[in-house]
Amino acid sequence: MARLKAAAIQSGVDVRWTPAEWVNHLRWQLASCREAEVQLAVFPAWTGAYQESYPRGFPEEGLGTLLHLLGDLAREARLHLVPGSMPVRAEDGIRLRSFLLSPDGELLGVQDQLCPPPGYAPGRAIAPIPSALGRVGIVIERDAEVPEIGRILALQGADLYCVPAALPAPYNPWRQAAGMWQIVQANQVAAVEACLVGEMAGRLYAGSSRLLGAVETTSDGTGVIAAAASAGQTEVVTGTIDLDAQAGARASFPIFASFHRDLYKMLPRAYRILTSACGAAEKEGMPS
Amino acid sequence: MTGADLKIQAARAALWWRSRPGPVAGMIRGRGPTDAPEPREGRVRVAAVQVRATLSRTAVEFATRMELLVRQACLDGAEVVVFPEDNGTQLLGLLPGLEEMADGRCVEAAGMAVAEVIRLASPFIQRAFHTTFRELARAYRVWIVGGSIRLAAEDGRLVNVSYCYGPAGEIAGRQEKLHLMVQEEEWGFSPGRELTVVAGPRIGLAFPICHDATYFETFRLAAAAGAELVAIQAANPAEYKEWYARRGIWPRVQETPVYGIASHLVGSMLGMVFTGRSAICAPLALSPSGDGILAEASSHDAEEVIAADLDLSALADWRARHPLQLPVEVILRYLPACYEAGSSRNCAPAKDGDQGQKQRQKELAGQEHEEGPPPAQPVGEQESEVEIEERQAIQEEQEERQKTEGQEQGGQGEQVGGLGVPEDQHGGAEGSPAAGEPGDQGQ
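Residues numbered from 1 in each chain as written. Chains lettered and ligands numbered in written order. Predicted model: local features only at pLDDT ≥ 70, side-chain atom pairs only at ≥ 80, totals over all residues. Heavy atoms only, no water.

Draft legend 1. The arrangement of the overall build of chain B in detail. When helices and strands are tallied, chain B shows 13 helices and 14 strands. In chain B, which comprises 443 residues, the share counted as buried stands at 57%. (Helix = DSSP H or I, 4+ residues; strand = E, 2+ residues; numbered from the N terminus. Buried < 20%, exposed > 50% of the residue type's maximum accessible area, 1.4 Å probe, protein only.)

Draft legend 2. Broad picture of the overall build of chain A. A tally of helices and strands in chain A yields 7 helices and 16 strands. Compactness check: chain A gives a C-alpha radius of gyration of 19 Å against a globular reference of 19 Å for 288 residues, within 12% of the reference. Along the three orthogonal principal directions, the C-alpha set of chain A runs to about 65 × 40 × 35 Å. Within chain A, the fraction of its 288 residues that count as buried is 65%. Residue pairs at least 24 apart in sequence account for 69% of intrachain contacts in chain A once pairs closer than 6 positions are excluded. Roughly 9100 Å² of accessible area belongs to chain A as shown, and the carbon and sulfur atoms make up 51% of that amount. When the 24 positive and 29 negative side-chain charges of chain A are each reduced to one mean point, those points stand 4 Å apart. (Rg over C-alpha atoms; globule rule 2.2 N^0.38 Å. Contact = heavy atoms within 4.5 Å. Areas by Shrake-Rupley, 256 points an atom, 1.4 Å probe, with all protein chains shown as cover. Lys, Arg positive; Asp, Glu negative; His and termini not counted. Charge placed at Lys NZ, Arg CZ, Asp CG, Glu CD.)

Draft legend 3. Spatial organisation of the sheet that holds strand 14 (residues 210–212) of chain A. Residues and elements named next belong to chain A. Taken together, the 6 strands give an open sheet; going across it, the order is 8-9-10-11-14-15, and neighbouring strands pair in mixed fashion. Taken across any chain shown, the strands that pair with only one partner, and hence form the sheet edges, are strand 8 (129–131) and strand 15 (224–227). Looking at each pair of strands side by side, their axes are set apart by 20° on average, direction ignored. One ladder, built from 6 bridges, connects strand 10 (residues 160–165) with strand 11 (residues 190–195); its direction is parallel. (Pairing = 2+ DSSP bridges. Axes fitted to C-alpha atoms, helices over the stretch in contact; angles between N-to-C directions.)

Draft legend 4. Examining helix 2 (residues 21–28) of chain B more closely. Residues and elements named next belong to chain B. All of the buried residues in helix 2 are Val24, Ala25, Met27 and Ile28. One side of helix 2 holds all its buried residues, which, seen down the axis, span an arc of 160°. On its buried side, helix 2 packs onto helix 3 (59–75) and helix 5 (114–140). In the stretch just after helix 2, Gly30 is the one whose phi turns positive, near 95°. (Arc of directions from axis to C-beta.)

Draft legend 5. How the structure looks around the pairing of strand 7 (residues 107–112) of chain A. Residues and elements named next belong to chain A. Burial analysis of strand 7 places 6 of its 6 residues in the buried class, which makes it a mostly covered element. With 5 bridges connecting them, strand 6 (residues 93–101) and strand 7 associate as antiparallel partners. Within strand 7, the position partnered with Arg97 by the bridge is Asp112. Linking two consecutive strands that pair antiparallel, namely strand 6 and strand 7, is a turn of 5 residues; a positive phi of about 85° is found at Gly105 within it.

Draft legend 6. Representation of the pattern of salt bridges in the model. Overall, the coordinates contain 34 salt bridges over all chains when judged by the stated rule. Asp92 of chain A is paired through a salt bridge with Arg95 of chain A; the nearest N and O atoms lie 2.8 Å apart. The class for Arg95 of chain A is buried, based on a relative accessible area of 0%. The closest approach of N and O atoms between Arg150 of chain B and Glu184 of chain B, which form a salt bridge, is 3.0 Å. Here the residue Arg150 of chain B occupies a position in strand 3 (residues 143–152), and Glu184 of chain B occupies one in helix 6 (residues 182–187), the gap between them amounting to 34 residues. What makes Arg150 of chain B buried here is its relative accessible area of 11%. Here Glu184 of chain B falls in the buried class, since its relative accessible area comes to 3%. Three or more residues are tied together by salt bridges with common partners; here these are Glu60, Asp92, Arg95, Arg97 and Asp112 of chain A. (Salt bridge = Lys/Arg side-chain N within 4 Å of Asp/Glu carboxyl O.)

Draft legend 7. Seen up close, the nonpolar core. Ranked by internal contacts, the top residues of the largest apolar core, which has 79 residues, are Tyr161, Met180 and Tyr271 of chain A. The next biggest cluster of nonpolar side chains, apart from the first, holds 54 residues, and it includes Leu55, Met66, Leu98 and Ala153 of chain B. (Core = buried A, V, L, I, M, F, W, Y, C linked by side-chain atoms within 4.5 Å.)

Draft legend 8. Expanded view of the environment of Arg127 of chain B. Residue and element names in this part refer to chain B. By secondary structure assignment, the location of Arg127 is in helix 5. In this structure Arg127 comes out as partly exposed when scored by relative accessible area, which is 24%. Sequence-wise, Arg127 and Ala59 are 68 residues apart; in three dimensions their C-alpha atoms are separated by 8.9 Å. Setting aside anything within four residues of it in sequence, one finds Arg127 in contact with Trp16, Ser19, Arg20 and Pro21. Among the polar contacts listed, one links the side chain of Arg127 to the side chain of Ser19, at a separation of 2.9 Å. (Polar contact = N/O pair within 3.5 Å; in protein donor to acceptor, adjacent residues only side chain to side chain.)

Draft legend 9. Expanded view of the side chain of Asp112 of chain A. All names here are of chain A. Tracing the backbone shows Asp112 in strand 7. Owing to a relative accessible area of 1%, Asp112 belongs among the buried residues under this scheme. Within the structure, Asp112 has its side chain in polar contact with the side chain of Arg95 (distance 2.8 Å).

Draft legend 10. A look at helix 1 (residues 19–35) of chain A. Residue and element names in this part refer to chain A. For helix 1, built from 17 residues, the straight-helix expectation of 24 Å at 1.5 Å per residue is met to within 8% by its first-to-last C-alpha distance of 25 Å. Restricting attention to buried positions, one finds in helix 1 the residues Trp22, Val23, His25, Leu26, Gln29, Leu30 and Cys33. All buried residues of helix 1 project into a common sector of 155° when viewed along the axis, lining one side. Residues Trp28 and Glu35 are exposed on helix 1 and point more than 90 degrees away from its buried face. Looking at the packing, one finds that the buried side of helix 1 touches strand 1 (3–10), strand 2 (40–42), helix 2 (63–77), strand 4 (80–82) and strand 16 (235–242). Following helix 1 by one or two positions, Glu37 has its phi on the positive side, about 55°. (Expected span 1.5 Å × (residues − 1).)

Draft legend 11. Representation of the confidence of the model for chain B. Residue and element names in this part refer to chain B. Averaged over all residues, the pLDDT of chain B is 81; the fraction at 70 or higher stands at 74%. Across residues 404–416 the pLDDT falls below 50, and counting only partners more than four positions away or on other chains, this stretch makes 32 contacts in the model. Scored below 50 in pLDDT, residues 421–443 makes 55 contacts in the model with residues more than four places away or belonging to other chains. What the predictor reports for the complex is a pTM of 0.86 with an ipTM of 0.94. (pLDDT = per-residue confidence, 0-100.)

Draft legend 12. Fine view of unusual backbone geometry. The omega torsion of the bond from Tyr54 of chain A to Pro55 of chain A falls at 5°, within 30 degrees of zero and hence cis. Its place among the elements puts Pro55 of chain A in the loop between strand 2 and strand 3 (58–59). Residue Pro170 of chain A is bonded to the preceding Ala169 of chain A through a cis peptide linkage, with omega at 0°. Mapped onto the elements of the fold, Pro170 of chain A is located in the loop between strand 10 and helix 4 (173–187). Of note in this structure, Trp46 of chain A is not a glycine but carries a positive phi near 70°. Mapped onto the fold, Trp46 of chain A is located in the loop between strand 2 and strand 3. On the basis of relative accessibility, which here comes to 4%, the residue Trp46 of chain A falls in the buried class. In this model, Asp86 of chain B sits at a positive phi of 65°, which is unusual for a non-glycine residue.

Draft legend 13. Representation of the packing of aromatic side chains in the model. One pass over the structure, following the stated rule, counts 18 aromatic pairs over all chains. Look at Trp174 of chain A and Trp243 of chain B: their rings are 6.0 Å apart centre to centre, the planes differ by 15°, and that puts the pair in the stacked class. Of the two residues, Trp174 of chain A is situated in helix 4 and Trp243 of chain B in helix 8 (residues 242–245); the pairing between them involves two chains. What makes Trp174 of chain A partly exposed here is its relative accessible area of 22%. Looking at Trp243 of chain B, the relative accessible area reads 22%, which means it is partly exposed. On the basis of an interplanar angle of 75° and a centroid distance of 5.6 Å, the ring pair of Phe259 of chain A and Tyr339 of chain B is categorised as edge-to-face. On the criterion of chain membership, the pair formed by Phe259 of chain A in the loop between helix 5 (243–252) and helix 6 (261–264) and Tyr339 of chain B in helix 11 (residues 328–340) is interchain, its members lying in two chains. You can call Tyr339 of chain B buried: its relative accessible area is 3%. (Phe/Tyr/Trp six-rings, centres within 6.5 Å; stacked < 30°, edge-to-face > 60°.)

Spelled out as structure tokens, the structure:
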């Protein structure tokens, strides 16, 4: 698929929503996507946090019913759907999970957040999800601040990142750029980044939802295909991602061709140093 | 002896004469610190020098220009002064007739093989370069990252290499460019093998080159080796575009909390036009405007020196309060194998990946309709025996590592610090236990 019309749905959530209210919220947002003939819609992180799933997590054994429901929504809107993330009560704790559903309502794949906030269990697997749109990597919330996650997905063949995002307020555009924008540039993989806005469970979130591409693929060279007009209002951002142009950017500036694999063999050691003792221990062995 | 041989001999003689160290040392001696501000406790003042490219016909001409820039930086109180990539390439002007031959055209278009030119001029431009910066560092009692120079190394490899000079005029460290551009590979250059960190003035300093800043891996390695400041030397032969430029050091400093310097070569040289805005960067929270910029050149095409204070206490405090939270287990399970698989973006065997996702889909979608208890973990994430052993091995290694870390780091030789690939470790001695295990690649 050379060109893909996508939507980043910038919206809030209310953890007090009943299941019916929650479904109405999703359906209402997806109606405008259907009107715009969008092929892919992405909701923000925590979109699945409502009465049944927050704070204890939706029971994993009940997911089948929920996924049928989400499949119905994807089918109604005739699009691929990433319904944000939701707390799921798994064996090892509450995970923050996202899904990709096809326009036929079929579940194509799942992804758990790998760097969840405190109190949540991290996912332990990562892979792009094959779909008719290409291979879709889902990068949830804080995972966008970890360049290794975007790199792994890109090396696994991701054509597109879907990013259910939630940036704490106050909004700093540079903080947002330091996340997904730079991962898109570092790997030359486009992204649909949907930001949570407003208050959720006592915390404020703000962000500008965006469709992102390698700078070479955007006419103004910014790497932003489309962006929300505000960082705090509900809005559906639509745009077209040109996967042919993406391939062209990779060919003209082949970042992955310059990997230094021998040097990278030292990375495991580096990670152990960086995460075991940030600061003082790093400098041990440094001469004075 | 052929005519060509005679020309080469004549060129060597001219290079030798023009690169003599005596006049350079004589010009610099007697210069030195002026009324520069005193260093402040817990802070280091650094300068990025944006150099306008000009071929220098003699070492003295080059040194005179460099001296002016170092003086300017030191007057502003800088303790570390960073020059750009290809700063030493300006010394190719020592080669008689080069400027005329390449005027308005690239060297290759002028019918010259880049490798031949570098091999011919290498010993002489190296002599002029070292003399200039050793003398300047000593005279001004400052740390200088001299920018890069293209040389034939002792082992015959062509390298794009930078040197860091200490305030006693010593060579404190050497850094070859690690990630080469395609054109550099076509010219016959080889990548460096290790990343160096030197103990600068109260600060760990790494000084990789240009394209190295495209890769977060460089900064992870630098920080692990003790860098608090990563000084990138850049020469970008392309039209200036703000957001293209922002792909370099700025995001790297946000991902791996260090201070960053980018020093750019600008202007025309050897048929190429270089652009860039030099900058001194910091993690967002440590920059007054919240944009990650401490200082930035006012233009992308003019010579300029910028300087800023780096607050080491603030960085240490930030690191302590916001330690890197990385999913190390996941990273080690996947990333080494992905690198090994090559650059074709196919590290996850498609069938395995697809089957894994489909199996998870089936389990999740159909759980309520199937008999028996739900799986303990989502399908595709259950650890195999091999994975369990690997995880345990990593944990044991971590514990062992914590015990012996000081000893290991102290044993990195006379190079002040750094992470590299010793010859005997090529092939994966340091690779993660998961590297090369196809079972770890898909779900």
